[in-house]
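What follows is the residue order along each chain.
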Number of protein chains: 2
Amino acid sequence: MEADTSIVIINEKDAEELGTHALDRVNLDRDGEHTIAVVDTTKKMVQEGEIGLTKSLHKWKGSIQVSIASKPDSVDYIKKKMDGKEWNSEEIRKIIEDINKNALSDIEMGAYVTTIYTKGMSFREMADLTESMVEAGEVIKWGYDKIADKHSIGGVPGNRVTPIIIPIIAEKGIKIPKTSSRAITSPSGTADTMEAICDIDFSLDEIKKIVEDTDGCLVWGGSVKLSPVDDKIIRAEHPLSLDPEGQVVASVLSKKKAAGSNKVVIDIPYGEGAKVGNIDEARSLAIDFKKIGEHMEIDVECTITRGEQPIGRGIGPVLEIRDCLRVLNGEGPADLRKKSVRLANILLEMCDREPNAEELLDNGKALKKFQEIVERQNGLKNVSEPDLELGTHTKEVKAERKGVINHIENKTIAEIGSRTGAPKDKGAGLYLHKKKGDRVEKGEVLMTVYAEKEEKLEKVVQQLEKNSGYRIMDENEMIIEGI
Amino acid sequence: MEADTSIVIINEKDAEELGTHALDRVNLDRDGEHTIAVVDTTKKMVQEGEIGLTKSLHKWKGSIQVSIASKPDSVDYIKKKMDGKEWNSEEIRKIIEDINKNALSDIEMGAYVTTIYTKGMSFREMADLTESMVEAGEVIKWGYDKIADKHSIGGVPGNRVTPIIIPIIAEKGIKIPKTSSRAITSPSGTADTMEAICDIDFSLDEIKKIVEDTDGCLVWGGSVKLSPVDDKIIRAEHPLSLDPEGQVVASVLSKKKAAGSNKVVIDIPYGEGAKVGNIDEARSLAIDFKKIGEHMEIDVECTITRGEQPIGRGIGPVLEIRDCLRVLNGEGPADLRKKSVRLANILLEMCDREPNAEELLDNGKALKKFQEIVERQNGLKNVSEPDLELGTHTKEVKAERKGVINHIENKTIAEIGSRTGAPKDKGAGLYLHKKKGDRVEKGEVLMTVYAEKEEKLEKVVQQLEKNSGYRIMDENEMIIEGI
């Protein structure tokens, strides 16, 4: 639909005359130009002899020739894989080409992601898929030896290590042109978080100039056409909550390759409520990343980290950037600092630099570099905590019993966070006063909810009455569980 | 989309404010009424504060409350099955309920049919699926002991046994209220074929009266709400050319159960180019039909027949009904007669009647009953061959070499047939002068193409130059192949 599938809407009578049906495909032709679109039919919306076009087809307005097109071969290839056969390189290339030009209908896209998920991919298929995805978009050429990058497999709220790692690497004179995504269902993506303090939407040329000047950037990847087919695949994976391993590897590494990166650290958090459920899956994913990285001539290192509870204390754009500023000040949440340091040091070693991330956090050099990048992205000069504005409508969530925090559910925290209005309302979100393992008294504050709009806070409070995401147990129960 | 998915289109700004995204779902509420719809977003088509509704939601026009709805549980169930787990009865019931109320997006429907296809179903799952599909629609109650019915698994052009079998059974005083489908991609469905000589679109009450009067009917099933969810599932299977065994069994038997039938013969043609590729698949399907039939208290018999070439000689509505009239006259194509007789006799035995179908064809009683039904369905009195009008634009396709017809491709024949304008143009289609095993001289006529419109004939001729569907071999080659 509007998203960007190419759909022509024709009157049922014309469809009957053409011998075509909803979800079939037609050729559109005019003056030697040609494209293919999926058909939908209507009784009334479009009159006989006329044709309705969705957004991506608007340049076809006017008089055009419409004829029946055959089903793209990719649909047969998807069926072939359902039947347990392996794809060859040409078939994968054709599927990616068809997805990229919106030639597959939503039903076929649902079939594609389901098939990849249920049938898996061989190493060679993954390699071909990654290459095809790179070919489908632009590739950035840098004139440098080493281009560093990082990626985190999502699903863990507050896991905002990027704004800490980038200035550490850039401070060492290594180019790290980081593009990040916005939130899909979570309360904030790295792009949303950075947007709380500076611009994030730049053209490829502008990004190049920023990186030229400051060695790093923290921008939104959406306006750059790197591996564009990835967004179309994610659109089909998202409603089904599918992250097929082979597709994840191809998606991440095709974006990195297209961005021109050759030194990449990938964080794989695992655990209950994280995208990767257990350590075996995490290890298997790490091996695939390394192997496909090698094939794509990208030096890849993976870290496997615990992801069963949120990282840091703030959830939501302003609350997260506050945690980052605190860590860049040599303070802040210990888990966020530790994780950022670990990832930054691995990347420094990969780039043949001294792994002294902690020193750069403690001596203020990383903070200075961060402020420089923010200013270069049209943000405040010397941005610091007092510049941040939190939502003014707040609610404290208190412990209903005495005990030990046994678990904080990622999914519930993400859902509550989203309902506060984040990431659209930058100052909305959650602050977690207590983390796993903390002892609490009855009535002690577990978290504070921030909202910019009162009606949003009210709705969150209703939800919190059902489930706050915190699970508290007796110390005795904890011990029994530990045996 | 228009088909009948329930979609609301909202402005991107409103979507951001609601915290919802394309393909998410929202609740629609007004005065205690409630429904769920899938979201699509737009920059321009719909203004802020307004909402666009697809056809199935038109009764919601006016002022309504919109709020975020959670993902239907069915989506999690589909994922569960992708992960190799079995569905319980309640999960299947919920999936069918959600499909029936259009709560699943096309991506999710694509995932559903792909999952069923790749993961299969246990006997219990098939039984539950069949029951749930029956429950989703109306069920006809007849006041009779025996209600007969027949079904053919599709894919074989010209396989028009229904207009021959129904009058044979009805002539014996057994009620056989046959509802048929229209063509989806083939040149004619039984409903299209009957439409060449009488009305086929009747309400349930009208159907009951016709069957009361004549013991049989030959109507279109589309206007009767029997197992309505089946059409929604077929809509997702069709673009992928998927016919998952469990779904086929549930679809066919749920329609039969809803129609109140308890004596059903099912024809399973197999072979190259038929829906069922080989005899093992055909046998497995037959066993499932019998077992699920027993569970649903339907007496089922299956015939496994060769389906690697078209049946009869005519392809297209008028050409097919001409074959049927010829068989009902004690003449006509031998294969069509033989197959009809076999199926009719099985059904007669199941209904404790003498299996004398040939006698009824030869003594004209079946023809008389057929003419009675046609007249009752507002067709001509005593319909016979001279009443039929064929397309006036014709083209003979001739053998390019001497030899023996080794094969006639179902798919090519169906495709050529569709391009003649059939089933919309009733007199369009193909007549096959030669069938498999026939000896031909170079230049001898293989088939005649009929069209009502000259431009359609021209297009067919272009296609025929590439492939006529006929494969001719030397007699020697035939013998070598035979060794």
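Residues numbered from 1 in each chain as written. Chains lettered and ligands numbered in written order. Predicted model: local features only at pLDDT ≥ 70, side-chain atom pairs only at ≥ 80, totals over all residues. Heavy atoms only, no water.

Caption draft 1: Quick look at the relation of the copies chain B and chain A. Of the two same-sequence chains, chain B is brought onto chain A (RMSD 0.1 Å, axial shift 0.0 Å) by a rotation of 180°. Such a combination of turn and shift is consistent with a two-fold rotation axis. Mapped onto chain A, 95% of the interface residues of chain B again fall at the interface, so both copies present the same surface. (Least-squares fit on C-alpha atoms with pLDDT ≥ 70 in both. Contact = heavy atoms within 4.5 Å.)

Caption draft 2: The sheet that holds strand S11 (residues 314-315) of chain B, seen in detail. Residue and element names in this part refer to chain B. Read from one edge of the open sheet, four strands run S11-S14-S16-S12, paired in antiparallel fashion. The open sheet terminates on both sides in strands that have one partner only, identified here as S11 and strand S12 (393-398). Against the sheet, helix H12 (residues 317-328) makes contact with S11, strand S14 (429-432) and strand S16 (445-451), and its axis sits at roughly 40° relative to S14, the strand it touches most. Strands in contact with helix H17 (residues 454-466) are S12 and S16; relative to S12, the strand with the most contacts, it is inclined by about 10°. (Pairing = 2+ DSSP bridges. Helix = DSSP H or I, 4+ residues; strand = E, 2+ residues; numbered from the N terminus. Axes fitted to C-alpha atoms, helices over the stretch in contact; angles between N-to-C directions.)

Caption draft 3: Broad picture of the environment of Val300 of chain A. All names here are of chain A. The residue Val300 is located in strand S10 (residues 299-306) in this model. Judged by its relative accessible area of 3%, Val300 is buried. Distance in space between the C-alpha atoms of Val300 and Lys434 is 35 Å, their sequence separation being 134 residues. Not counting the four nearest positions on each side in its chain, Val300 is found in contact with Leu253, Val264, Ile266, Phe289, Lys290, Gly293 and Met350. (Buried < 20%, exposed > 50% of the residue type's maximum accessible area, 1.4 Å probe, protein only.)

Caption draft 4: Inspection of helix H2 (residues 73-82) of chain B at higher detail. Three or more residues of H2 of chain B are buried, namely Ser74, Val75, Tyr77, Ile78, Lys81 and Met82 of chain B. All buried residues of H2 of chain B fall inside an arc of 160° around its axis, so they share one side. Looking at the buried positions of H2 of chain B, the neighbouring elements they touch are helix H4 (106-119) of chain A together with strand S2 (25-30), helix H3 (89-100), helix H4 (106-119) and helix H5 (123-135) of chain B. Of the residues flanking the end of H2 of chain B, it is Gly84 of chain B, one or two places downstream, whose phi is positive at about 90°. (Arc of directions from axis to C-beta.)

Caption draft 5: Quick peek at the environment of Glu245 of chain A. Residues and elements named next belong to chain A. Here Glu245 shows up in helix H10 (residues 245-258). Taking C-alpha positions, Glu245 is 32 Å from Lys426, a pair spaced 181 residues apart along the chain. Ignoring any residue separated from it by four or fewer positions in sequence, one finds Glu245 in contact with Glu281, Ser284, Leu285 and Asp288.

Caption draft 6: Structural context of the interface of chain B and chain A. In this complex, chain B contributes 42 residues to the contact, which on the side of chain A involves 41 residues. The contact between chain B and chain A buries some 3900 Å² in all, and 57% of this surface belongs to carbon and sulfur atoms. In this structure, the connection of chain B to chain A is made through zero salt bridges. In this assembly, chain B and chain A are joined by six residue pairs in polar contact (both at pLDDT 80 or more). At the level of elements, strand S1 (7-11), helix H1 (12-18), strand S3 (33-42), H2, H4 and helix H9 (228-237) of chain B are the ones that each hand at least two residues to the side of chain B that touches chain A. (Buried area = accessible area lost by both parts, 1.4 Å probe. Salt bridge = Lys/Arg side-chain N within 4 Å of Asp/Glu carboxyl O. Polar contact = N/O pair within 3.5 Å; in protein donor to acceptor, adjacent residues only side chain to side chain.)

Caption draft 7: Structural context of the pattern of salt bridges. Evaluation of the coordinates by the stated rule reveals 82 salt bridges over all chains. In this structure, Glu97 of chain B engages Lys101 of chain B in a salt bridge whose closest nitrogen and oxygen atoms are separated by 3.9 Å. Its relative accessible area of 42% is what places Lys101 of chain B among the partly exposed residues. What emerges from the salt-bridge pattern is a single network uniting Glu90, Arg93, Lys94, Glu97, Asp98 and Lys101 of chain A.

Caption draft 8: Examining the confidence of the model for chain A more closely. In this model, chain A carries an average pLDDT of 92, and 98% of its residues clear a pLDDT of 70 or more. On the interface metric, ipTM, the complex scores 0.85, and its pTM is 0.87. (pLDDT = per-residue confidence, 0-100.)

Caption draft 9: Just the packing of aromatic side chains, in detail. Across all of its chains, the model carries two aromatic pairs over all chains by this definition. Plain terms: the ring middles of Trp87 of chain A and Tyr112 of chain A are 6.3 Å apart, the flat faces sit at 10° to each other, and that makes the pair stacked. Placement of Trp87 of chain A in the loop between helix H2 (73-82) and helix H3 (89-100) and of Tyr112 of chain A in helix H4 is noted, with a sequence separation of 25 residues between them. There is no split in this pair, since Trp87 of chain A and Tyr112 of chain A are both buried. Looking at Lys81 of chain A, its charged tip hangs above the ring of Trp87 of chain A, at a distance of 5.1 Å from the centre. Cation over ring: Arg182 of chain B sits above Trp220 of chain B, and NZ or CZ is 4.9 Å from the ring centre. (Phe/Tyr/Trp six-rings, centres within 6.5 Å; stacked < 30°, edge-to-face > 60°. Lys NZ or Arg CZ within 6 Å of the ring centre and 35° of its normal.)

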